[in-house]
Amino acid sequence: MSESGLWEVEGKAALVTGASRGIGQAIAIKLSQMGARVACVATSAENCADTVAACLEHSEGARAYGVDVSDTDAVDALVKEVLSEMGSIDILVNNAGITQDQLLLRMTEDDFDRVVEVNLKGTWNFLKSAARGLMKSGGRAINVASVVGVTGNAGQANYAASKAGVIGLTRSVAKELSGRGVCVNAVAPGFIETDMTSEITEAAAEQLKTSIPLGRVGSSAEVAEAVAWLAGPGGAYVTGQTIIVDGGLSLGG
Ligand code: NAP
C-alpha cells in the first residue's frame with residue numbers, strides 16, 4: 001500500500017513468464033515503467049537479456065531467469081531463487097504460451113499434451129509455487145489466456161482447451177486466495193501481432209481483420225495496458241475476471 005492507502009506497483013517485485021518477446025516483453029517493460037522490479041522468465045535467461053536491459057532503463061532490479069514453465073520441480077526451485085534474490089513476488093504474470101495448431105483429426109497426442117502442459121500446467125505451476133508469497137503481500141496474479149478459450153477456434157482444439165482451462169483455473173484460485181486479499185484475474189487477447197501470429201499469411205490476416213470490429217490487429221503494448229491496470233490500483237476490487245482485449249472480435253456478427 002502507498003501513503004494514499006492504495007496498492008501501487010511502484011517498488012513491488014513482479015515475475016513475468018514468457019518475457020523474452022511479444023506480449024510478455026511488453027508487460028515486463030510496462031511494469032518496470034510503473035516502478036516494479038521485474039523477474040523476467042523465458043526458456044533461457046539469455047533470451048530475456050534485451051527485456052532486462054529495457055526494464056533497467058525505467059527501474060532497478062530487473063533480472064533474467066530461464067525455466068521450462070511446464071517442469072513443476074524446476075518452477076518451484078526458480079520461484080525460491082527469485083524469492084531469495086528479490087525478497088518477494090507481489091505480482092505474478094503467467095504469460096508464457098505456445099501453439100501447435102492442427103485440425104482435430106490430424107492432431108497428435110503430443111500436440112495436445114505439450115500445449116496443455118505449457119499453457120495450463122505452466123500457469124498452475126507458478127500459481128502454486130508463488131501462492132504463499134502472494135498471500136503474504138496480498139498480491140496480484142494475472143494469467144494470459146486467449147479469446148479462443150471463450151469462443152473456441154477450428155484448428156486450435158488443444159490451445160483453446162488450454163486457455164479455457166486457464167480461465168477456470170483463474171476463477172477457482174481467485175476464490176481460494178481471496179481471503180488473503182490476493183486478486184487473481186485473466187486477460188484474454190484476440191489477434192495480436194507477435195512471433196506467435198507471424199506465420200499467418202497476409203491474405204489470411206487481411207481476412208481476419210474484416211471480422212475484427214475495430215478493423216485492425218492489436219499490439220503487445222495494448223495487452224500490457226490491460227495487465228497493468230489489473231496489477232495496479234485500478235484492479236484492487238477485481239478478482240476472478242477475464243478481460244477480453246480483442247478489438248471486438250468475440251462480439252461476432
Ligand atoms: P511469443 O511471441 O511466441 O512468445 C512466447 C513467450 O513464451 C516467449 O517468451 C517464450 O520464451 C515463452 N515460452 C514458450 N514456451 C515456454 C516454456 N515452455 N517455458 C518458458 N517460457 C516459454 O507469444 P506471444 O504472442 O507474445 O504470446 C504470449 C501469450 O499471449 C501466450 O500465452 C499466448 O498464448 C497469448 N496470446 C497471444 C495472442 C496473439 O495473438 N499473439 C493471442 C491470444 C493469446 P522463449 O523466447 O525462451 O522461447
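Our structure's up above, just so we're on the same page.
Note that the structure is predicted; figures quoted are calculated from it, not measured.

Moving on, we get to helix 3 (residues 72–86). With 15 residues, helix 3 extends 21 Å from end C-alpha to end C-alpha; this agrees with the ideal 21 Å at 1.5 Å per step. Among all positions of helix 3, only Val75, Leu78, Val79, Val82 and Met86 are buried. Projected down its long axis, helix 3 shows its buried positions confined to an angular sector of 100°, all on one face. Opposite the buried face of helix 3, at more than 90 degrees from it, the exposed residues are Asp73, Lys80 and Ser84. Turning to helix 3, the residues buried within the fold contact strand 1 (13–17), strand 2 (37–42), strand 3 (63–66) and helix 4 (109–137). Where helix 3 ends, the next residue or the one after it, Gly87, has phi of about 90°, a positive value.

This part covers the pairing of strand 5 (residues 140–144). Burial of strand 5 is extensive: five of the five residues sit out of reach of the surface. Residues Arg140, Ile142 and Val144 point to one face of strand 5 and Ala141 and Asn143 to the other, with burial holding for every one of them. Examined bridge by bridge, strand 4 (residues 91–94) and strand 5 share four bridges and lie parallel to one another. Note that in strand 5 the partner of Val93 across the bridge is Ile142. Of the pairings in the sheet, the one linking strand 5 to strand 6 (residues 183–189) comprises five bridges and is parallel in character. Looking at strand 6, one finds that Ile142 is bridged to Asn185.

Taken together, 31 residues lie around the ligand, and Ser20, Thr43, Asn95, Tyr159 and Thr194 are the ones closest in. A distance of 2.8 Å separates an oxygen atom of the ligand from a polar atom in the backbone of Ile192. For the ligand, whose free accessible area comes to 910 Å², the fraction covered by protein is 93%. Looking at the shell around the ligand, the elements with two or more residues in it are helix 1 (22–33), helix 4 and helix 6 (157–177). A class-by-class count of the residues in the shell around the ligand yields 15 nonpolar, eleven polar and five charged.

The next thing to look at is the side chain of Ser146. On the secondary structure map, Ser146 appears in the loop between strand 5 and helix 5 (148–151). Those residues in contact with Ser146 that sit more than four places away from it in its chain are Tyr159, Lys163, Val187, Ala188 and Pro189.

Rules used in this analysis
- Residues numbered from 1 in each chain as written.
- Predicted model: local features only at pLDDT ≥ 70, side-chain atom pairs only at ≥ 80, totals over all residues.
- Heavy atoms only, no water.
- Helix = DSSP H or I, 4+ residues; strand = E, 2+ residues; numbered from the N terminus.
- Expected span 1.5 Å × (residues − 1).
- Buried < 20%, exposed > 50% of the residue type's maximum accessible area, 1.4 Å probe, protein only.
- Arc of directions from axis to C-beta.
- Contact = heavy atoms within 4.5 Å.
- Pairing = 2+ DSSP bridges.
- Near = heavy atom within 4 Å.
- Polar contact = N/O pair within 3.5 Å; in protein donor to acceptor, adjacent residues only side chain to side chain.
- Areas by Shrake-Rupley, 256 points an atom, 1.4 Å probe, with all protein chains shown as cover.
- Nonpolar A, V, L, I, M, F, W, Y, C, P; charged D, E, K, R; others polar.

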